[in-house]
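Below are the chains, spelled out letter by letter.
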Amino acid sequence: MSRSVTILVGTTTGNAQYCAEEAAFRLKAAGGEVNIRQMDDLDATLFAEGGLYLVCISTYGQGDVPDNARGLYQSLVTAKPNLGGVRYGLISLGDTSHAQTFGFAGRRFDTQLTKLGAQRVGEVLTHDASSGTMPEEVTAAWITPWFALAVEGDATAA
Ligand SMILES: Cc1cc2nc3c(=O)[nH]c(=O)nc-3n(C[C@H](O)[C@H](O)[C@H](O)COP(=O)(O)O)c2cc1C
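All values derive from a computational prediction rather than experimental measurement. (Residues numbered from 1 in each chain as written. Predicted model: local features only at pLDDT ≥ 70, side-chain atom pairs only at ≥ 80, totals over all residues.)

## Topic: the overall build of the chain
Alright, step 1. Helix and strand counts for the chain stand at four helices and six strands.
Alright, step 2. Counted from the first residue to the last, the chain has its helices and strands arranged as β-α-β-β-α-β-α-β-β-α.
Alright, step 3. For 158 residues, the compact-globule formula gives about 15 Å, and the C-alpha radius of gyration of the chain, at 14 Å, lands near that figure.
Alright, step 4. Expressed as lengths along the three principal axes of its C-alpha atoms, the size of the chain is roughly 45 × 35 × 25 Å.
Alright, step 5. Counting only contacts in the chain whose residues sit at least 6 apart along the sequence, the fraction spanning at least 24 positions is 83%. (Helix = DSSP H or I, 4+ residues; strand = E, 2+ residues; numbered from the N terminus. Rg over C-alpha atoms; globule rule 2.2 N^0.38 Å. Contact = placed C-beta atoms within 7 Å.)

## Quick look at the site of the ligand
Alright, step 1. Around the ligand, 22 residues are found, and the nearest of them are Thr11, Thr13, Asn15, Ser58 and Gly94.
Alright, step 2. Where the shell around the ligand is concerned, the elements lending two or more residues are α1 (15-29) and β4 (86-94).
Alright, step 3. Tallied by class, the residues present in the shell around the ligand amount to seven nonpolar, 14 polar and one charged. (Near = placed C-beta within 6 Å. Nonpolar A, V, L, I, M, F, W, Y, C, P; charged D, E, K, R; others polar.)

## With respect to the environment of Leu116
Alright, step 1. You can see Leu116 is positioned in the loop between α3 (104-115) and β5 (119-120).
Alright, step 2. Of the residues examined, Leu116 has 18 C-beta atoms within 10 Å and is grouped as partly exposed.
Alright, step 3. Considered as a pair, Leu116 and Leu76 are 40 residues apart in the sequence and their alpha carbons are 8.3 Å apart.
Alright, step 4. Residue contacts for Leu116: discarding those within four places in its chain leaves Leu76, Lys80, Pro81, Asn82 and Leu83. (Buried ≥ 20, exposed ≤ 12 C-beta atoms within 10 Å, placed from the backbone.)

## A short note on α3
Alright, step 1. In this model, α3 (12 residues) spans 16 Å end to end at C-alpha, consistent with the 16 Å of a helix rising 1.5 Å per residue.
Alright, step 2. Along α3, the positions that sit buried rather than exposed are Ala105, Gly106, Arg108, Phe109 and Leu113. All buried residues of α3 fall inside an arc of 155 degrees around its axis, so they share one side. Residues of α3 that are exposed and point more than 90 degrees away from the buried face comprise Thr111 and Lys115.
Alright, step 3. Where the residues of α3 are buried, they touch β1 (4-10), β3 (51-58), α2 (70-79) and β4.
Alright, step 4. Looking one or two residues past α3, Gly117 carries a phi angle of roughly 100 degrees, positive in sign. (Expected span 1.5 Å × (residues − 1). Arc of directions from axis to C-beta.)

## Quick look at the pairing of strand β2 (residues 33-38)
Along a regular strand, successive side chains alternate from one face of the sheet to the other.
Alright, step 1. Judged from the six bridges that link them, β1 and β2 form a sheet pairing that is parallel. In the sheet register, Ile7 faces β2, and the bridge partner there is Ile36.
Alright, step 2. For the crossover that starts at β1, traverses α1 and ends in the parallel β2, the hand is right-handed. (Pairing = 2+ DSSP bridges. Right-handed = clockwise from strand over helix to strand, strands pointing away.)

## Regarding the pairing of β4
Alright, step 1. Counting buried positions along β4 gives nine out of nine residues, so the element sits mostly inside the fold.
Alright, step 2. Of the two faces of β4, the one holding Val86, Tyr88, Leu90, Ser92 and Gly94 and the one holding Arg87, Gly89, Ile91 and Leu93 are both buried throughout.
Alright, step 3. Pairing of β3 with β4, which is carried by eight bridges, proceeds in the parallel orientation. Each residue of the ladder has a partner; that of Leu52, found in β4, is Arg87.
Alright, step 4. What joins β3 to β4 is α2, and the crossover it makes is right-handed.

What follows is the structure, given as C-alpha cells:
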C-alpha cells in the first residue's frame, strides 16, 4: 500500500502554498511520503502513473484558475486522459466577497478530474479569506483525517 502523496499548488499570492506546506508537514508526521509541486509547467501527463494527489488551489480573476495553473487545467480539458488510477483530495481557496464565483477554480478542477475518471477522497476543504481563519489552520485540522480516509480506501481496494 502506497503512502505517497503528490501535492499540486495553484496560487497567486501564496495562501495555497501555505496550505501545501502545512499539509506536507502533517502528512509526513502521519507516515506519508510527500512531494510538493507547483503547477507551473505541468501538464496532464503528470497523472499518467496514477496515485494519490492533493490539489491546493485558489481562485482568481472572475472565477478563474491562477495563472500558474492554466497550463495544467487546459491540458486536462484538451488531452482528456483517462484518470482511472488517480485519487485526489482538494483544498479550494477563495473569498466570499466574490459571491458569484466563490471557489470556482477548485470547482473547475474537481469537475474536470471527476469527469476524467479520477476518484475524489473525502469532502473538499473550502477556505474563505473573509472568514477570519487562516488557510493553514483549517488545513491542519482537515489533513490527517483526509489521509486516514485515503489510506483506508487504498487498503480496501488492494
Ligand atoms: C484579483 C483577485 C480576484 C479574485 N477572484 C476570486 C474569485 O473569483 N472567487 C473567489 O472565490 N476568490 C477570489 N479571490 C480571492 C482569492 O482566491 C483568495 O484571496 C485566496 O486566499 C488567494 O489564495 P492564493 O494566495 O493561494 O492565491 C480573488 C482575489 C484577488 C486578489
